[in-house]
Amino acid sequence: MSPPLHGIRVLELARILAGPWCGQLLADLGADVVKVERAGAGDDTRQWGPPFVPAADGSDLGAAYFHSCNRGKRCVAADFEAEEGRALVRRLALHADVVVENFKVGGLERYGLDPASLRALNPRLVVCSISGFGQDGPYASRAGYDFLIQGMGGAMSVTGEADGPPTKSGMAVADLFTGLYAANAIQAALIRRAVTGEGATIDCALLDSQVAMLSSQGLNYLVSGREPRRLGNAHPSIVPYDVFPVADGHVVIATGNDGQFRRLCDVLGDPALAAHPDYTTNRGRVAQRAALTAALHALTSRRAAAELLARLDAAGVPAGPINTVGQVFADPQVAARGMALRLPNPAAEGGTTPGIRSPILIDGAPQASPRPAPGLDQHRDEILADPAWGGHA
């Protein structure tokens, strides 16, 4: 069976992470994604290393960062300052279903390649513009970077230890979520186009995405008027839901209801703790967070991680280890789900390059393109000859 976006042509005029992440997901779902990069330099992330993916000839194929978000695409380089480069983009846009771009707001207008111009050329085109702050508003002209957005969007104010500094996430969550929101919006616009015949102009901003991601923390503030505070690994609304010390390290215990809390106390050998009137409900446990957490720490710290986790699993209490990235890919569940990819690539050392698959399975089939990330301008001749993109084979 063909992948769900088979036949959809995507022109990606994007670099760094949010736009390429969107394009990679569309490629994983079966779209033909052509990435247009700056002639000579290419996407900045090609140089964001080490590590670099080793090539068969002893050189390298660019930074692992680039490969993390450009699987499944073909690549052509263009000089936007030259009419030849602009003409190439217009030709590809004429035959595309989707354009993903993350130029600075107004940046494409100087080339005549802005969303309005492209849609005038191809009224069925869905153009998705990704920016730091959106296409309007007082910050629209500013450059946006993930770290900056995590700070401005409130995420850092609720991340970190209570008595420590604000902390960013270990992943570029604002970029990644914006890419996911953009891919959702594009697919919704394509569904609408199938009914109306009209394309769409989509505006996706990193700051908007980060604010939307505040989710329950944001609603807690809007309902109560009280600023959420940093709680380290604890949950603002559920107790116990935290990292707990054990004799040989730390584990995560995430009890989501009263029954799980009672079973946790049974496993820890203190059923009376669950029966204490202050702790029988989650509301009470949240109110008495400090005292209860101290009592639980005293109990968990006596147990070894493996023994405690095995007993909690048998009792139906959600709990798990805190894995390193290496341990993640060695985990039997992750291995069974095939999350680590080896993509055939004759140019790479050993004939393959690594990848991490999309988490989506449809009808049991993993949605991950087998095509590795492209070399700069690797597919120029192929794309220019492709009839689907206006070429003549």
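Please read all numbers here as calculations on a predicted model, not as lab measurements. (Residues numbered from 1 in each chain as written. Predicted model: local features only at pLDDT ≥ 70, side-chain atom pairs only at ≥ 80, totals over all residues. Heavy atoms only, no water.)

Novice: Summarise the nonpolar core; cite the residues concerned and give the values.
Specialist: In this structure, Val10, Cys22, Leu26, Val98, Ile130 and Ile186 are the most contacted members of the largest nonpolar core, which totals 29 residues. For this core, the leading source of residues is helix H6 (residues 173-196), giving six residues. If we skip the residues at most four places from it in the chain, Ile130 touches Ala18, Gly19, Cys22, Val100, Glu101, Asn102, Phe103, Thr178, Ala182, Cys204 and Leu206. (Core = buried A, V, L, I, M, F, W, Y, C linked by side-chain atoms within 4.5 Å. Buried < 20%, exposed > 50% of the residue type's maximum accessible area, 1.4 Å probe, protein only. Helix = DSSP H or I, 4+ residues; strand = E, 2+ residues; numbered from the N terminus. Contact = heavy atoms within 4.5 Å.)

Novice: Outline the side chain of Glu37, supporting the account with residue identities and numerical values.
Specialist: When you line up the elements, Glu37 lands in strand S2 (residues 32-38). We classify Glu37 as buried; its relative accessible area is 2%. A distance of 2.7 Å separates polar atoms of two side chains, one belonging to Glu37 and the other to Arg46. Look past the residues within four positions of Glu37 in its chain and what remains in contact with it is Gly42, Asp43, Arg46, Phe66, Cys75, Val76, Ala77, Ala78 and Leu376. (Polar contact = N/O pair within 3.5 Å; in protein donor to acceptor, adjacent residues only side chain to side chain.)

Novice: Let's hear about helix H9 (residues 258-267): which residues, and what values?
Specialist: Residues spaced three or four apart along an α-helix face the same direction, because each turn holds 3.6 residues. Turning to H9, its buried residues number three or more, namely Gly259, Gln260, Phe261, Leu264, Cys265 and Val267. Where H9 is buried, its residues meet strand S10 (249-254), helix H10 (271-275), helix H11 (282-287), helix H12 (289-300) and helix H13 (305-315). A positive backbone phi angle near 80 degrees is found at Gly269, which sits one or two residues after H9.

Novice: So, the packing of H9 against H13: which residues are in play, and what are the values?
Specialist: Running from N to C, H9 and H13 point in directions that differ by 140 degrees, and their axes come no closer than 10 Å. As far as their axial angle goes, H13 and H9 are oblique. Every pair of crossing elements has a handedness; the one defined by H9 and H13 is right-handed. Along the contact surface, H9 presents Arg263, Leu264 and Val267, while H13 presents Leu308, Arg311, Leu312 and Ala315. Here the contact of H9 with H13 is built from residues that sort into five nonpolar, no polar and two charged. (Axes fitted to C-alpha atoms, helices over the stretch in contact; angles between N-to-C directions. Parallel < 35°, antiparallel > 145°, perpendicular 65-115°, else oblique. Left-handed = near helix turned anticlockwise from the far one by under 90°. Nonpolar A, V, L, I, M, F, W, Y, C, P; charged D, E, K, R; others polar.)

Novice: Summarise the sheet that holds strand S6 (residues 98-101); cite the residues concerned and give the values.
Specialist: Sheet architecture is open: six strands sit in the order S5-S2-S1-S6-S7-S8, paired in parallel fashion. Each edge of the open sheet carries a strand with a single partner, namely strand S5 (73-78) and strand S8 (200-205). Neighbour to neighbour, the strand axes of the sheet diverge by 20 degrees on average, direction disregarded. (Pairing = 2+ DSSP bridges.)

Novice: Give me the lowdown on the layout of surface pockets, citing residues and values where you can.
Specialist: The calculated volume of the largest pocket comes to roughly 1,400 Å³. For the lining of the largest pocket, the elements supplying multiple residues, two or more each, are helix H1 (18-28), strand S3 (52-54), helix H2 (64-68), helix H5 (146-152), H6, helix H14 (325-330), strand S12 (340-344) and strand S13 (352-356). Partitioning the lining of the largest pocket into residue classes produces 25 nonpolar, eight polar and seven charged. Here the second largest pocket is characterised by a volume of approximately 870 Å³. Along the wall of the second largest pocket there are 40 residues; nearest its centre are Arg15, Ile16, Asn102, Phe103 and Lys104. Put simply, the parts of the chain that give the lining of the second largest pocket at least two residues each are S2, strand S7 (126-131) and H5. (1 Å grid on protein atoms, 1.4 Å probe; cavity = no way out; pocket = protein on both sides within 12 Å on 5 of 7 lines; lining within 4 Å. Points joined across faces, edges and corners; volume = space filled by probe spheres on them.)

Novice: An account of a nonpolar patch on the surface is requested, with residue identities and associated values reported.
Specialist: On the surface, a nonpolar cluster with roughly 390 Å² of combined accessible area is contributed by Tyr139, Tyr145, Leu148 and Met152. In this structure, Tyr139 sits in the loop between S7 and H5. A relative accessible area of 35% places Tyr139 in the partly exposed class. (Patch = residues over 30% accessible without salt bridge, like charges linked within 9 Å, V, L, I, M, F, W, Y side chains within 5 Å. Areas by Shrake-Rupley, 256 points an atom, 1.4 Å probe, with all protein chains shown as cover. Salt bridge = Lys/Arg side-chain N within 4 Å of Asp/Glu carboxyl O.)

Novice: Tell me about the packing of aromatic side chains, and name the residues and values.
Specialist: For the coordinates displayed, the defined rule picks out five aromatic pairs. Each ring, one from Phe80 and one from Tyr111, has its centre 5.6 Å from the other, and the planes form 55 degrees; the classification is tilted. Here Phe80, found in the loop between S5 and helix H3 (83-95), pairs with Tyr111, found in the loop between S6 and helix H4 (115-121); they are 31 residues apart in sequence, far enough to count as distant. Residue classification places Phe80 among the buried positions, given a relative accessible area of 7%. On the basis of relative accessibility, which here comes to 11%, the residue Tyr111 falls in the buried class. A centroid spacing of 6.4 Å and a plane angle of 55 degrees characterise the contact between Phe177 and Tyr181, whose relative ring orientation is tilted. Linking Phe177 with Tyr181, this pair stays in helix H6, spanning four residues, or about one helical turn. We classify Phe177 as partly exposed; its relative accessible area is 35%. (Phe/Tyr/Trp six-rings, centres within 6.5 Å; stacked < 30°, edge-to-face > 60°.)

Novice: Give a detailed account of empty space enclosed by the protein, specifying residues and quantitative values.
Specialist: All chains considered together, the criterion is met by one cavity of 30 Å³ or more. Lining the largest cavity are His67, Arg71, Leu343, Thr353, Pro354, Gly355, Pro372 and Ala373. Here the lining of the largest cavity takes three residues from S13, the largest share from any one element.

Novice: Go over unusual backbone geometry with me, naming the residues and quoting the values.
Specialist: Cis geometry marks the peptide bond from Gly49 to Pro50; its omega dihedral reads 10 degrees. Omega for the peptide link from Val239 to Pro240 comes to 0 degrees, which places this bond in the cis form. When you line up the elements, Pro240 lands in the loop between helix H8 (215-224) and strand S9 (241-246). For Ser215, which is not glycine, the phi dihedral falls at a positive 40 degrees.

This is a description of form; function is not addressed.
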